[in-house]
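Notes for the structure review
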Amino acid sequence: MTDDQIVQVAGVSQWFGDVQALTNLTIEVPKGSISVLLGPNGAGKTTAIRMITGALSPGEGSVRVFGLDPVSSDGEEVRRRCGVVSAKPSLYDRLSGWDNLRYSAELYGLGRRADSRIEEAAGQFGIDAALDLQVGGYSTGMKTRLALARSILHGPDLLLLDEPTSGLDPESAVIVLELIRQMTGEGRTVLLCTHLLLEAEGLADEIVVMQHGTSLLSGRPDELAQRYWPSPQVHVTSEAGSDMDFLAQLPAVAAYERHGNTATIDLPDLSQVPELVEALVRRNIRITSVAPFTPTLEDLYFAVRREQGSTSDEAVPPPSTTGRPARRSRVAQMAR
Amino acid sequence: MNWSRTMTVARTDLKQLIQARDFWIPMVTLGSFFFAIIPFILLITITRIGNVDVVSQISAALDALPQSAQDQIQGTTPEAQTGYALAVFLFAPVAVIVPLTISTAVGAATIVGEREKGTGEFLAHSPASAKEIYVGKLIASLVPGYVTTAIGFGVYSLIVNLVVGPEVGGWFFPTAQWWLMILWVLPPFLAICLSLVLRLSAKVKSTAAAQQASGLVSLPLIMIAYSQSTGVLFGAGYMPIIVGAVAWIIALWSLSRGVRSVTRQRLLGVATA
């Protein structure tokens, strides 16, 4: 394990009865990064988090966090340095917000700093005005904010966030994601689990795509995109799609594929797009849109899952003949 | 073991209990009936109204008590003797069930409740060890029982001494053997019951199942109550001291074994292969 890796999960497998929850799972979380575990429900994201804090011990493989083994006697130190927000906020409904935070502060041994830290954390997440109210009366958004405030009370080095925006309205979700971003600015490492691709978009420094308890691939989103889309792509839509097929013969076009009126064209360089447009105009083809394709995390996610031969019950969208989804057929072709 | 964390767990559980009016209002009502209302009404009826037939029947029933217990009955009139016997041998032992009921009800919900509410996840990821969580929850379950015992028997003593005391020559309750019972015999039995209840709470799938099962493990204390009410335990010389000593040994063993029942996996509600 290098000093740069806060979490190293190596070849971990775990069974719950007859069900294999994790299969040879490998994850590395670099220091100071936001790493995102992406995967459908049941992919093993929550189990992975439980392994990292030592709440569960691995059936096989090893877990090191801060260079320590969380299921050994070092577990207490690992858990003291972690802040966790679980998929359900795990709050005590009968207690006030203050009492919930106070409980955590005392378990984490904050001592005399507890009150000031509670006020600070609650203020940071905009929940300070509601601290005297019973948590049972909080909205879902307030509960999530309180859980987030609780997770940072003790100044953890590693934040483990399991679906932190689950059940939130879009505005609250955006606020929560912004707060997560701020936390890495303060030097923390964040491991975020989500099945919401938009949530991870723009937030992830590293992603790990999980399925059936194993990691399909991991890395920086731009590097992974480069791996799946090595040449720049442009999507061109015209009124009569078949008229564009001559583009496939142009020397500048590395690959050409068309679905309906939209063509997906690989070019060595995006600077050749004007030439492409010019060729179309010369033939009086009415272009309705020209758009360079920048793969999103969603594109990447489905590309990975398609490459791995996902089953239909997990809803990998089929290739479409209109608009952006054309790239997915391209991905499938590349994968083959 | 970090005692600060242990007490934090206990304190937080107790704080939640205080907030749970739907729990403690029925419990206070139950305690009021057993420690105050029923003893007061019956004792006042027997000692002041003096229905001769009823008193004679109860007085005759006292002959069924062991001789050593009969020797301790104070009072010169049938009303006084009946009042004394009921106060010492019937009402007080039955009231022992109240703290037991309260403690087992709290204990039964304590671990499975964390799992059901999802708060077990928070505890499982916290630095608190399984042992600290177990002991904290044990304390949180014992305290309501002991507080009920202290307050309940305080109120009960006041009532029986005010109602029956004048008939038997002054305040008499708690008798020396009842002090022994309250301070030496009951606590280990309560602890034994709770150690079993907490184990159940850690293992079963729902609070309802834990509460059903906890009824069974309450049997030892109910047996003690019966022993008291029939005079078997109470009038038998050194027997309470011996029973208490044995109960303490079993309680300490049972409590130490119970620590193993609380694991992070159980707080999360997962069963690994």
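The rules we used
Residues numbered from 1 in each chain as written. Chains lettered and ligands numbered in written order. Predicted model: local features only at pLDDT ≥ 70, side-chain atom pairs only at ≥ 80, totals over all residues. Heavy atoms only, no water. 1 Å grid on protein atoms, 1.4 Å probe; cavity = no way out; pocket = protein on both sides within 12 Å on 5 of 7 lines; lining within 4 Å. Points joined across faces, edges and corners; volume = space filled by probe spheres on them. Helix = DSSP H or I, 4+ residues; strand = E, 2+ residues; numbered from the N terminus. Nonpolar A, V, L, I, M, F, W, Y, C, P; charged D, E, K, R; others polar. Buried < 20%, exposed > 50% of the residue type's maximum accessible area, 1.4 Å probe, protein only. Arc of directions from axis to C-beta. Contact = heavy atoms within 4.5 Å. Salt bridge = Lys/Arg side-chain N within 4 Å of Asp/Glu carboxyl O. Buried area = accessible area lost by both parts, 1.4 Å probe. Polar contact = N/O pair within 3.5 Å; in protein donor to acceptor, adjacent residues only side chain to side chain. Patch = residues over 30% accessible without salt bridge, like charges linked within 9 Å, V, L, I, M, F, W, Y side chains within 5 Å. Areas by Shrake-Rupley, 256 points an atom, 1.4 Å probe, with all protein chains shown as cover. Axes fitted to C-alpha atoms, helices over the stretch in contact; angles between N-to-C directions. Parallel < 35°, antiparallel > 145°, perpendicular 65-115°, else oblique. Pairing = 2+ DSSP bridges. Expected span 1.5 Å × (residues − 1). Bend = angle between axes of the 7 residues up to and from the residue. pLDDT = per-residue confidence, 0-100.

Looking at empty space enclosed by the protein
Empty pockets left among the atoms are what a rolling probe the size of a water molecule brings to light. For the structure shown, the criterion picks out three cavities of 30 Å³ or more. The computed volume of the largest cavity comes to approximately 100 Å³. Together, V84, V85, S86, S90, S104, Y108, R150, S151 and H154 of chain A together with E121, F122 and H125 of chain B line the largest cavity. Put simply, the parts of the chain that give the lining of the largest cavity at least two residues each are β5 (82-85) and α5 (140-152) of chain A together with α7 (120-125) of chain B. Sorting elements by how many residues they give to the lining of the largest cavity places α7 of chain B first, with three residues. In terms of residue class, the lining of the largest cavity is built from four nonpolar, six polar and two charged.

A look at helix α9 (residues 273-282) of chain A
Residues and elements named next belong to chain A. Looking only at α9, the buried set comprises V273, L276, A279 and L280. One side of α9 carries all its buried residues, which in axial view fall inside an arc of 125°. Seen from the open side of α9, the exposed residues pointing more than 90 degrees away from its buried face are P274 and R282. Along its buried surface, α9 packs onto β10 (233-238), β12 (262-266) and β13 (287-293). Positioned one or two residues after α9, N284 has a phi angle of 60°, which is positive.

Let's talk about the pattern of salt bridges
One pass over the structure, following the stated rule, counts 20 salt bridges over all chains. A salt bridge links D99 of chain A to K15 of chain B, with the shortest nitrogen-to-oxygen separation between them at 3.5 Å. Remark: K15 of chain B occurs in helix α1 (residues 3-19) and D99 of chain A occurs in helix α3 (residues 97-107); the pair is interchain, linking two chains. Residue class for D99 of chain A comes out buried when judged on its relative accessible area of 19%.

So, the interface of chain B and chain A
On the chain A side, the residues contacting the 28 residues of chain B number 29 residues. Sorting the residues of chain B by area buried against chain A places F122, H125 and P127 of chain B first, and these three jointly supply 26% of that buried surface. Taken together, the links from chain B to chain A amount to five salt bridges. Its salt-bridge partner being E76 of chain A, residue R5 of chain B comes within 3.1 Å of it at the nearest N-O pair. On inspection of chain B and its partner chain A, the count reaches nine residue pairs in polar contact (both at pLDDT 80 or more). Sorting the residues of the side of chain B that touches chain A by element identifies α1, α7 and α14 (264-268) of chain B as the ones contributing at least two each. Tallying contributions element by element places α1 of chain B first for the side of chain B that touches chain A, with eight residues.

Focus: a nonpolar patch on the surface
Residues and elements named next belong to chain B. Taken together, the side chains of W179, L183, W184, Y238, M239, I241, I242, V246, I250 and W253 define a hydrophobic patch exposed on the protein surface, amounting to about 1,100 Å² of accessible area. Those elements giving two or more residues to the nonpolar patch turn out to be α10 (176-203) and α13 (239-258). Of the residues forming the nonpolar patch, the biggest block, six residues, is contributed by α13. Of the residues examined, Y238 reaches a relative accessible area of 65% and is grouped as exposed.

With respect to the packing of helix α5 (residues 78-95) of chain B against helix α6 (residues 97-117) of chain B
Residue and element names in this part refer to chain B. Packing of α5 against α6 leaves a shortest axis separation of 4 Å and a crossing angle of 5°. Comparing the axis directions of α5 and α6 gives the class roughly parallel. Between α5 and α6, the contacting residues are P93, V94 and A95 on the first element and I97, V98 and P99 on the second. In terms of residue class, the contact of α5 with α6 is made up of six nonpolar, no polar and no charged.

Regarding the sheet that holds strand β9 (residues 214-219) of chain A
In any sheet, the strands associate via hydrogen bonds between backbone groups, in a parallel or an antiparallel arrangement. Residues and elements named next belong to chain A. The mixed open sheet is built from six strands, whose spatial order is β5-β6-β7-β3-β8-β9. Of all strands in the sheet, those bounded by a partner on one side alone are β5 and β9. Strand after strand, the sheet turns through a mean of 15° between neighbouring axes, direction not considered. With four bridges connecting them, strand β3 (residues 34-38) and strand β8 (residues 206-211) associate as parallel partners. Residue pairing in the sheet places L38 in a bridge with V209 of β8. Docked against the sheet, helix α8 (residues 221-228) engages β8 and β9, running at close to 100° with respect to β9.

Section: α5 of chain B
All names here are of chain B. Its 18 residues place the ends of α5 24 Å apart at the C-alpha level, agreeing with the 26 Å of an ideal helix rising 1.5 Å per residue. In α5, a bend of some 40° at L86 exceeds every other bend along the element. Of all 18 residues in α5, 13 are buried, a share of seventy percent or more.

With respect to the layout of surface pockets
Residues and elements named next belong to chain B. Estimated volume of the largest pocket: approximately 510 Å³. Taken together, 19 residues form the lining of the largest pocket, with V28, I102, P144, V147 and T148 sitting closest to its centre. Residue assignment for the lining of the largest pocket shows that the elements contributing at least two residues are α1, α2 (21-49) and α8 (130-163). By residue number, the principal contributor to the lining of the largest pocket is α2, which donates eight residues. As for the second largest pocket, its lining consists of 21 residues, and the residues nearest its centre are L17, V106, A109, T110 and K117. Per-element accounting of the lining of the second largest pocket gives the leading share, eight residues, to α6. In terms of residue class, the lining of the second largest pocket is built from eight nonpolar, six polar and seven charged.

Quick look at the confidence of the model for chain B
Averaged over every residue, the pLDDT of chain B is 84; the share at 70 or more is 93%. Scoring of the predicted complex yields 0.82 for pTM and 0.84 for ipTM.

Re the sheet that holds strand β1 (residues 5-16) of chain A
Residues and elements named next belong to chain A. On the basis of which strands lie adjacent, the open sheet formed by three strands has the order β2-β1-β4 and antiparallel pairing. Looking along the sheet, the strands with just one partner apiece sit at the ends: β2 (19-30) and β4 (60-65). Each strand axis lies, on average, 15° off the axis of its neighbour in the sheet, ignoring direction. Taken together, the eight bridges between β1 and β2 define a ladder with antiparallel strand orientation. The partner of Q8 across the bridge, within β2, is E28.

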